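Listed below, chain by chain, are the residues.
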Amino acid sequence: MTRIAAAVDPALLERLLQWTQEFADIEAHHAADGLYIGAACRHADLPDDPEAVFLVGLVITFWFWFDDRSDRFLCGPETWDALIALGSDPSHATAVDTPEIRFFQRLGEALRQRAGNAAEYHWWLACSANVFRAMYAEEKMSRRGVSLSYAESLEIGADSTGLTSIISSANLAHGMDRAARGADQRLARVERYMCLSQRLLNDLFSAEKERLEGHAGRVSNIVLLLEGDMSRAQARAFVEVQRHAYERMMLQNIELLGPNDGFGRLIDEGMRNIRRWYETGPVRYETEGGAT
């Protein structure tokens, strides 16, 4: 058993594996990673709620599983189009039947039932649609083996982390109405800096695995992209500096939200735990040396 699997609630892990057993390619590490991260997508004043942990863990499990499948080009254009449409329009119905669509629809129904109002659920759907758009853009880049600029790759990559879908699911599961804060630009900046910093952290940890995958992995990794213009050491150092800068801006804006702002506190603790997850050694990066 991995250290991550040993650290999660075994009953919730077993329940999550049973919930997802119908879907091809689901592995125990998808669920363990999902629960490890999902359990800390909260702040200390929220009540202990195993159902909330399960739902957020399920959302994260979906994104890990979906990311692995998209990396192997298992999603056709009709699947991508249907997923984007399902997230963009809550009334959309699709005749496309693939594992990805079935998982997302079943996941969405679980969150819809948990939501305090329709707006919370629609917020999560819209966030998820943005993730699908970004991941599809990266998949098309990988198929062509063509990299965009640093700025374009980072902006797309920030959305493709899945974090806006994950954090909005945590808000929903814990009864925090993120949609009601839709006009809060400071909170929106916190979330954007969160995504940018976490994309760079991911790319630091995933660079060596993606280097081994060849051009398909290289085109969407910021570290490997920068190696076209600088040495490996310089690329890693540059990305680390940028990551710290975005993280500082995230924390500065969380501070400006105030010490009692639950949304800021949830993001702060959630991102600290993601760092711990990387450092604990997830299976998906086990061939890598990690970030410096």
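Higher on the page you've got the structure.
Our subject in this report is the structure included herewith.

Quick notes on the rules
Residues numbered from 1 in each chain as written. Predicted model: local features only at pLDDT ≥ 70, side-chain atom pairs only at ≥ 80, totals over all residues. Heavy atoms only, no water. Helix = DSSP H or I, 4+ residues; strand = E, 2+ residues; numbered from the N terminus. Rg over C-alpha atoms; globule rule 2.2 N^0.38 Å. Buried < 20%, exposed > 50% of the residue type's maximum accessible area, 1.4 Å probe, protein only. Contact = heavy atoms within 4.5 Å. Arc of directions from axis to C-beta. Polar contact = N/O pair within 3.5 Å; in protein donor to acceptor, adjacent residues only side chain to side chain. Axes fitted to C-alpha atoms, helices over the stretch in contact; angles between N-to-C directions. Nonpolar A, V, L, I, M, F, W, Y, C, P; charged D, E, K, R; others polar. Expected span 1.5 Å × (residues − 1). Phe/Tyr/Trp six-rings, centres within 6.5 Å; stacked < 30°, edge-to-face > 60°. Lys NZ or Arg CZ within 6 Å of the ring centre and 35° of its normal.

1. A look at the overall build of the chain
Then, in step 1: If you tally the helices and strands in the chain, you get 14 helices and zero strands.
Then, in step 2: Taken from N to C terminus, the helices and strands of the chain fall in the order α-α-α-α-α-α-α-α-α-α-α-α-α-α.
Then, in step 3: Taken against the 2.2 N^0.38 rule, which gives 19 Å for 292 residues, the C-alpha radius of gyration of the chain at 18 Å falls within 12% of a compact globule.
Then, in step 4: If one aligns the C-alpha atoms of the chain with their principal axes, the spans along those axes are about 50 × 45 × 40 Å.
Then, in step 5: Each of the 292 residues in the chain was classed as buried or not, and the buried ones make up 53%.
Then, in step 6: In the chain, once contacts between residues fewer than 6 apart in sequence are set aside, the share between residues at least 24 apart is 74%.

2. Details of helix 2 (residues 10–20)
Then, in step 1: Buried within helix 2 are the following residues: L12, L13, L16, W19 and T20. Along helix 2, the residues classed as buried sweep out an arc of 125° about the axis, all on the same side. Looking at helix 2, the residues exposed on the side facing more than 90 degrees away from the buried face are P10 and A11.
Then, in step 2: Buried positions along helix 2 lie against helix 3 (28–38), helix 4 (50–71) and helix 6 (99–114).
Then, in step 3: You can read the cap of helix 2 off the contacts: a side-chain oxygen lies 2.8 Å from the backbone nitrogen of A11, and it is on D9.

3. Description of the environment of A126
Then, in step 1: Note on placement: A126 falls in helix 7 (residues 118–144).
Then, in step 2: The exposure class of A126 is partly exposed, given its relative accessible area of 37%.
Then, in step 3: Between the C-alpha atoms of A126 and H92, which are 34 residues apart in sequence, the distance is 13 Å.

4. Description of the environment of R248
Then, in step 1: Within the secondary structure layout, R248 lies in helix 13 (residues 232–257).
Then, in step 2: Considered as a pair, R248 and A129 are 119 residues apart in the sequence and their alpha carbons are 28 Å apart.

5. Considering the packing of helix 3 against helix 14 (residues 262–280)
For any two helices packed against each other, one specifies the inter-axial angle together with the distance between the axes.
Then, in step 1: The interhelical angle for the contact between helix 3 and helix 14, taken along N-to-C directions, is 145°, at an axis separation of 9 Å. Contact with helix 3, carried on its side by D33, Y36 and I37, involves N273, I274, R276, W277 and T280 of helix 14 and no other residues of that element.
Then, in step 2: The residue inventory of the contact of helix 3 with helix 14, partitioned by class, reads four nonpolar, two polar and two charged.

6. Thoughts on helix 4
Then, in step 1: Here helix 4 is 22 residues long and its end C-alpha atoms lie 31 Å apart, about the 32 Å a rise of 1.5 Å per residue gives.
Then, in step 2: Burial of helix 4 is extensive: 17 of the 22 residues sit out of reach of the surface.
Then, in step 3: The opening residue of helix 4, the one whose side-chain oxygen lies 3.1 Å from the backbone nitrogen of E51, is D49.
Then, in step 4: Where helix 4 ends, the next residue or the one after it, F73, has phi of about 55°, a positive value.

7. Focus on the environment of Y246
Then, in step 1: Inspection of the secondary structure puts Y246 in helix 13.
Then, in step 2: Of the residues examined, Y246 reaches a relative accessible area of 19% and is grouped as buried.
Then, in step 3: Residues Y246 and A11, 235 residues apart in the sequence, show an inter-C-alpha distance of 37 Å.
Then, in step 4: The residues contacting Y246, other than those within four sequence positions of it, are L154, Y193, L196, S197 and L200.

8. Details of the packing of aromatic side chains
Then, in step 1: Evaluated as defined, the whole model comprises 23 aromatic pairs.
Then, in step 2: Note on F23 and W65: the rings are 6.0 Å apart at their centroids and 55° apart in plane angle, and the pair reads as tilted. With F23 in the loop between helix 2 and helix 3 and W65 in helix 4, this pair connects stretches of sequence that are 42 residues apart. The two residues F23 and W65 agree in class, both being buried.
Then, in step 3: Summarising the aromatic geometry, the rings of W63 and F132 are spaced 4.9 Å apart at their centres and angled 50° between planes, so their arrangement reads as tilted. Placement of the pair is W63 in helix 4 and F132 in helix 7, with a sequence separation of 69 residues.
Then, in step 4: Assessed through its relative accessible area of 0%, F132 is described here as buried.
Then, in step 5: Lying over the aromatic face of W19, R106 brings its terminal NZ or CZ to 3.8 Å of the ring centre.
Then, in step 6: Positioned above the aromatic ring of Y136 is the side chain of K140, whose terminal nitrogen or guanidinium carbon lies 4.3 Å from the ring centre.

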